[in-house]
Amino acid sequence: MTNKRVVLSSDHAAIEMRQQIADHITAKGWEAVDIGPTTPESTPYPAHGEAAARRVASSDCTFGIILCGTGQGIMMAANKVKGIRCGVCSDVFSAQMIREHNDANMLAMGARVIDNATALKIVDAFLFTDFGGGRHATRVDMIKALED
Ligand code: RB5
């Protein structure tokens, strides 16, 4: 881990959930780099997914947490940026597994799918689970090879 910075972004569907996550991770000792948006107007999720992904791909932030209505669209956009491994999670087990097995560097969630309390549990599982390495590293290397 290069730093304890977590970039946060969302579309209009998840502004309140994003604020709660920012406060939560700050209380847990992480630096929340919240790149907005802050106003409720409709705004396209691909732009926000890309902006957050670039902060992670450049190593400015170690992790990214991105939100939209379902988490799906913003995840798809983030995963187009080289070096990003982002999974959508609606449960704690999946969040543990995308870190332990897939070495995910970004987490996506849907504010119209899960409630805020569930989202905070998922965030904790994501931030506090280490990559397992070993056979999982071989498989993650296969994902990385697909980028070239
Ligand atoms: C916006 O209405 C909605 O499409 C977006 O938040 C997200 O769910 C897309 O995947």
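Before reading further, recall that the structure is shown in the block above.
A brief look at the structure comes next. Computed from a prediction, not measured in an experiment: that's the story for all the values here. Residue positions are counted from 1 within each chain, in the order its sequence is given. Two thresholds apply to this predicted model, a pLDDT of at least 70 for residue-level local features and 80 or more for giving and counting side-chain atom pairs, whereas whole-chain, interface and lining totals are computed over all residues. The side-chain numbers reported here are obtained from all heavy atoms of the structure, hydrogens and water having been left aside.

## Looking at the sheet that holds strand β1 (residues 5–10)
- Spatially, the five strands line up as an open sheet ordered β2-β1-β3-β5-β4, and their pairing is parallel. Single-partner strands in this sheet number two, and they are β2 (31–34) and β4 (86–88). Put simply, the sheet's adjacent strands are angled 20° from each other on average, direction ignored.
- Any two strands with at least two DSSP bridges between them are considered paired. Secondary structure elements follow DSSP: runs of H or I of four or more residues count as helices, runs of E of two or more count as strands, with numbering from the N terminus. For strand β3 (residues 63–68) and strand β5 (residues 106–110), the ladder comprises five bridges, and the chain directions are parallel. What sits directly across from leucine 67, in β5, is methionine 109.
- Sheet contacts for helix α1 (residues 15–27): β1, β2, β3 and β5; angle to β1, the most-contacted strand, approximately 170°. Helix axes are fitted to C-alpha atoms over the stretch in contact, other axes to C-alpha atoms as well, and angles between N-to-C directions run from 0 to 180 degrees. The contact definition used throughout considers only heavy atoms, calling two residues in contact when any of these lie within 4.5 Å.

## Comments concerning the site of the ligand
- Each residue is tested against the molecule or strand, and it is near if at least one of its non-hydrogen atoms lies within 4 Å. Taken together, the residues surrounding the ligand are Asp11, His12, Ala13, Tyr45, Cys68, Gly69, Thr70, Gly73 and Arg112.
- The term polar contact refers here to a pair of N or O atoms within 3.5 Å; inside protein, the definition further demands a hydrogen-donor-capable atom paired with an acceptor-capable atom, and it admits residues adjacent in sequence only when both atoms are side-chain atoms. Arginine 112 is positioned such that a nitrogen or oxygen atom in its side chain is 3.3 Å from an oxygen atom of the ligand.
- Per-residue and other accessible areas were derived by the Shrake-Rupley procedure at a 1.4 Å probe size, with only the shown protein chains allowed to occlude residues. When the ligand is considered free in solution it has 290 Å² of accessible area, and contact with the protein chains removes 72% of it.
- For the shell around the ligand, the per-class residue count stands at three nonpolar, four polar and two charged. Residue type decides the class: Asp, Glu, Lys and Arg count as charged, Ala, Val, Leu, Ile, Met, Phe, Trp, Tyr, Cys and Pro as nonpolar, and the leftover types, Gly among them, as polar.

## Some details on the layout of surface pockets
- Here the largest pocket defines a volume of roughly 210 Å³.
- Using a 1 Å grid laid over the protein atoms alone, points where a 1.4 Å probe fits but cannot get out form a cavity; open sets with protein on both sides within 12 Å along at least 5 of 7 lines form a pocket; any residue with an atom within 4 Å of a point counts as lining. Around the largest pocket sit Met1, Thr2, Val56, Ser59, Cys61, Thr62, Phe63, Arg85, Arg99, Asp103, Ala104 and Asn105, which together line it.
- For the lining of the largest pocket, a count of residues per class yields five nonpolar, four polar and three charged. Grid points are joined across faces, edges and corners, and a volume is the space filled by probe spheres set on the points.

## Comments concerning the side chain of threonine 129
- Relative to the helices and strands, threonine 129 is located in the loop between α5 (116–127) and α6 (135–145).
- Within the structure, threonine 129 has its side chain in polar contact with the backbone oxygen of alanine 125 (distance 2.6 Å).

## Quick look at helix α4 (residues 92–100)
- Think of it in three bands: residues with accessible area under 20% of the maximum for their type are buried, residues over 50% are exposed, and the middle band is partly exposed, with areas taken using a 1.4 Å probe on protein chains only. For α4, every residue scored as buried is listed here: Ala95, Met97, Ile98 and Arg99.
- Next to the buried residues of α4 lie β3, β4, β5 and α5.
- You can read the cap of α4 off the contacts: a side-chain oxygen lies 3.2 Å from the backbone nitrogen of phenylalanine 93, and it is on aspartate 91.

## Overview of the pairing of β2
- The pairing of β1 with β2 spans four bridges and is parallel. In the sheet register, arginine 5 faces β2, and the bridge partner there is glutamate 31.
- Each parallel crossover has a hand, and the one from β1 via α1 to β2 is right-handed. With strands facing away from the observer, any crossover in which the path from the first strand over the helix to the second runs clockwise is taken as right-handed.

## Observations concerning the packing of aromatic side chains
- By convention, a stacked pair of Phe, Tyr or Trp rings (six-membered ring in the case of Trp) has centres within 6.5 Å and planes under 30 degrees apart, an edge-to-face pair has planes over 60 apart, and any other such pair is tilted. Going through the model one piece at a time under the given rule, you end up with three aromatic pairs.
- Ring geometry for tryptophan 30 against phenylalanine 128: centres 6.1 Å apart, planes inclined by 80°, an arrangement best described as edge-to-face. Within this pair, whereas tryptophan 30 is found in the loop between α1 and β2, its partner phenylalanine 128 is found in the loop between α5 and α6, the two being separated by 98 residues in sequence.
- Given a relative accessible area of 4%, tryptophan 30 falls into the buried group.
- With 5.2 Å between their ring centres and 65° between their planes, phenylalanine 63 and phenylalanine 126 make a pair best called edge-to-face.

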